[in-house]
Every structure is written in C-alpha cells, then in structure tokens.
Amino acid sequence: MKTNTFKYLGLALMAVLMVGLVISHTYTSLIASLLIFAGLLLDFLRSKISAFKWKYLLFLLPIIVAGGVLLLFMLKERNLSTLGGRIPIWLNSVNMLKEYPNGLGSALGLVGFDVPGISFQAFNCHNYFLNQMLCFSIPVGLCFLFTFIVVLLFLFKQKISFFTLGIWAALLIPLNMDYALTIVELPIVLFTMFCIFMKPYLRKAHYISAPEDKQSQERSNNG
C-alpha cells in the first residue's frame, strides 16, 4: 500500500513540475525534461526486451510527438536560426572576453549590454561557462570547464544507463543555453550531482567504502 502511495505521489509531483515548466515558458527546460523521460523509457525497454526490433521505437512516439509540438510553438515565438538570439550573444561575449580577459567581476549581470543582431539587451552570456570566464577571468573559467570535462569523461567511461545520460543532457542544455542557472549556489548543486552519480563507481573502484563493507571486512579479519 505504501509503495503505491509513494508511486502516485511521485507521479502527481512530476505532473505539477511539468505544469510549472510549461507556465515558466522555458523551452530549453521542456526539451531537457523530454530527454529524461526518453532515457527512462529506453531503460525500461532494455530491461523488458531481449532482442531489439525497430518496431519497439514506436514506444518513443509520444515523446517525439511532444517534441514536435514543442518545436512548432518555438517556431512561432523564437528565431531558431539564431537559437533565440543566443548565437549573437555568444559571439558578443567572446568579443567582450577579448576586451576584458580578466573578467568584469560582480558587474556581470547588473548592467545590460547591447548585442548586434538582436533587439534587446543581454545581462549575461546565456552560457554558464562563458559567464565564469567573463565574471572571473579566462583562466578561471577554463579551469572550471576543464574540471567539468574531466568529471564527464570519468562518468562516460563507466557503464551508465540511458536515464543517467538523459539527466546529464538535461543539465548540459540549460548550462550552455540558459541564464537561469547563473546562481552562486550552482557549484554545490553540481558537486551534489557528482556525488550521487559517482558513488557507485567509486565504491566499485574501492576509492570509498560503505559502513556495511567495513563491518564485513572486520568480521573477515576477526575470523
């Protein structure tokens, strides 16, 4: 009974979150959520199907249809040739980095700057890695980017699920396209995600051990 209650509660919370994403009008986050659901569905199919057949891809049809409907709405409201104005912002950010290689410090995000090719001012780079460079300097931003790449390379060397891939893709899309993640607390969020995803692999490689592992080792030593 409790299992069913938690399951229905989880589905209800997921529905509320999806409604919140629709209301927020953040297309990139909606696309990211579809990638998570697609990964979850692929893992389910992989666990239930012994031999692959092309007809099984029909199970992905609802997600593909949802993505198509989302794309139609985006075409009505955004210029996809510039990714909603992001390409001019990225190019302008690179030019600003050439002019201010030591970064702008806390001024980034407080003052808007004009961007050739778009009709509104931008307050940041719409890319988390460019933001780090323009805020703290190019060397600091490159160190952050290098650390992130090392974490991803270590992760992808392991045997991971489609669900995990979907979650990381859902994180990388807002990191590279949105400004909503320009928060001071993001590094601790990334560190928490790293700990959650890496723990099984670190235990397997004997870099860390769980309390039950220590107890079993003590019993074997005493025996």
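Model, not experiment: these values are computed from the prediction. (Residues numbered from 1 in each chain as written. Predicted model: local features only at pLDDT ≥ 70, side-chain atom pairs only at ≥ 80, totals over all residues. Heavy atoms only, no water.)

**Section: the overall build of the protein**
Turning to step 1, where the next piece is worked out: When helices and strands are tallied, the protein shows nine helices and zero strands.
Turning to step 2, where the next piece is worked out: In the protein, the succession of helices and strands from N to C terminus is α-α-α-α-α-α-α-α-α.
Turning to step 3, where the next piece is worked out: Within the protein, buried positions represent 28% of all 223 residues.
Turning to step 4, where the next piece is worked out: Sequence-distant contacts in the protein: of pairs separated by 6 or more residues, those separated by 24 or more amount to 62%.
Turning to step 5, where the next piece is worked out: Approximately 15,100 Å² of the protein is accessible, and the part contributed by carbon and sulfur atoms is 70%. (Helix = DSSP H or I, 4+ residues; strand = E, 2+ residues; numbered from the N terminus. Buried < 20%, exposed > 50% of the residue type's maximum accessible area, 1.4 Å probe, protein only. Contact = heavy atoms within 4.5 Å. Areas by Shrake-Rupley, 256 points an atom, 1.4 Å probe, with all protein chains shown as cover.)

**Here we look at the nonpolar core**
Turning to step 1, where the next piece is worked out: Core analysis: the largest hydrophobic core is formed by 13 residues, its most contacted members being I89, L97, F113, V115, A122, L130 and L134.
Turning to step 2, where the next piece is worked out: Every element with two or more residues in this core is listed here: α4 (86-99) and α5 (128-136).
Turning to step 3, where the next piece is worked out: Among the elements that make up this core, the one with the highest residue count is α5 (four residues). (Core = buried A, V, L, I, M, F, W, Y, C linked by side-chain atoms within 4.5 Å.)

**Concerning a nonpolar patch on the surface**
Turning to step 1, where the next piece is worked out: Side chains of L58, L61, I64, V65, V69 and F73 sit close together on the surface and give an oily, nonpolar patch of about 570 Å² of accessible area.
Turning to step 2, where the next piece is worked out: With respect to the secondary-structure elements, I64 resides in helix α3 (residues 61-77). (Patch = residues over 30% accessible without salt bridge, like charges linked within 9 Å, V, L, I, M, F, W, Y side chains within 5 Å. Salt bridge = Lys/Arg side-chain N within 4 Å of Asp/Glu carboxyl O.)

**A word on the side chain of N127**
Turning to step 1, where the next piece is worked out: The topology assignment puts N127 in the loop between α4 and α5.
Turning to step 2, where the next piece is worked out: Separated by 3.0 Å, the side chain of N127 and the backbone nitrogen of F129 make a polar contact.
Turning to step 3, where the next piece is worked out: Beyond its immediate sequence surroundings of up to four residues, N127 is in contact with W90, L175, N176 and D178. (Polar contact = N/O pair within 3.5 Å; in protein donor to acceptor, adjacent residues only side chain to side chain.)

**Brief notes about the environment of D43**
Turning to step 1, where the next piece is worked out: Relative to the assigned elements, D43 resides in helix α2 (residues 27-48).
Turning to step 2, where the next piece is worked out: For D43, a relative accessible area of 17% translates into the label buried.
Turning to step 3, where the next piece is worked out: Considering only alpha carbons, one finds D43 and S161, 118 residues apart in sequence, at a separation of 6.7 Å.
Turning to step 4, where the next piece is worked out: Setting aside anything within four residues of it in sequence, one finds D43 in contact with S161, F162 and F163.

**Some details on the environment of I63**
Turning to step 1, where the next piece is worked out: Inspection of the secondary structure puts I63 in helix α3.
Turning to step 2, where the next piece is worked out: On a C-alpha basis, the gap between I63 and L34 in space is 6.6 Å, while along the polypeptide they are 29 residues apart.

**Here we look at α2**
Turning to step 1, where the next piece is worked out: An ideal rise of 1.5 Å per residue puts 32 Å on 22 residues; α2 measures up with 32 Å between its terminal C-alpha atoms.
Turning to step 2, where the next piece is worked out: Among all positions in α2, only Y27, T28, S29, L30, A32, S33, L34, A38, G39, D43 and L45 are buried. (Expected span 1.5 Å × (residues − 1).)

**Things to note about the packing of α2 against helix α7 (residues 162-177)**
Turning to step 1, where the next piece is worked out: One can describe the packing of α2 onto α7 by two numbers: an axis separation of 7 Å at closest approach and a directional angle of 170°. Relative to α7, the element α2 lies roughly antiparallel. Only F162, F163, G166, I167, A169, A170, I173 and M177 of α7 make contact with α2, whose side of the interface consists of T28, I31, A32, L35, I36, G39, L40, L42, D43 and R46.
Turning to step 2, where the next piece is worked out: Among the residues forming the contact of α2 with α7, the class breakdown is 13 nonpolar, three polar and two charged. (Axes fitted to C-alpha atoms, helices over the stretch in contact; angles between N-to-C directions. Parallel < 35°, antiparallel > 145°, perpendicular 65-115°, else oblique. Nonpolar A, V, L, I, M, F, W, Y, C, P; charged D, E, K, R; others polar.)

**Some words on unusual backbone geometry**
Turning to step 1, where the next piece is worked out: In this structure, H126 takes a positive phi of about 55° despite not being glycine.
Turning to step 2, where the next piece is worked out: As for its position among the elements, H126 is in the loop between α4 and α5.
Turning to step 3, where the next piece is worked out: One non-glycine residue, S137, lies in positive phi territory at about 115°.
Turning to step 4, where the next piece is worked out: By secondary structure assignment, the location of S137 is in the loop between α5 and α6 (138-156).

**Quick word on the confidence of the model for the protein**
Turning to step 1, where the next piece is worked out: Here the protein averages 75 in pLDDT, while 74% of its residues score no lower than 70.
Turning to step 2, where the next piece is worked out: Mean pLDDT in the protein bottoms out at helix α9 (residues 211-222), which sits at 53, and peaks at α4, which reaches 90. (pLDDT = per-residue confidence, 0-100.)

**Considering the packing of α5 against α6**
Turning to step 1, where the next piece is worked out: One way to put it is that α5 packs onto α6 with a least axis distance of 6 Å and a crossing angle of 150°. Taken together, α5 and α6 sit at an angle that is classed as roughly antiparallel. Like other packed secondary-structure pairs, α5 and α6 cross with a definite hand, here right-handed. When α5 is examined against α6, the residues Y128, F129, Q132, M133 and F136 are found in contact with a partner set consisting of I138, V140, G141, L142, F144, L145 and F148.
Turning to step 2, where the next piece is worked out: Class assignment of the residues belonging to the contact of α5 with α6 gives a composition of 10 nonpolar, two polar and no charged. (Left-handed = near helix turned anticlockwise from the far one by under 90°.)

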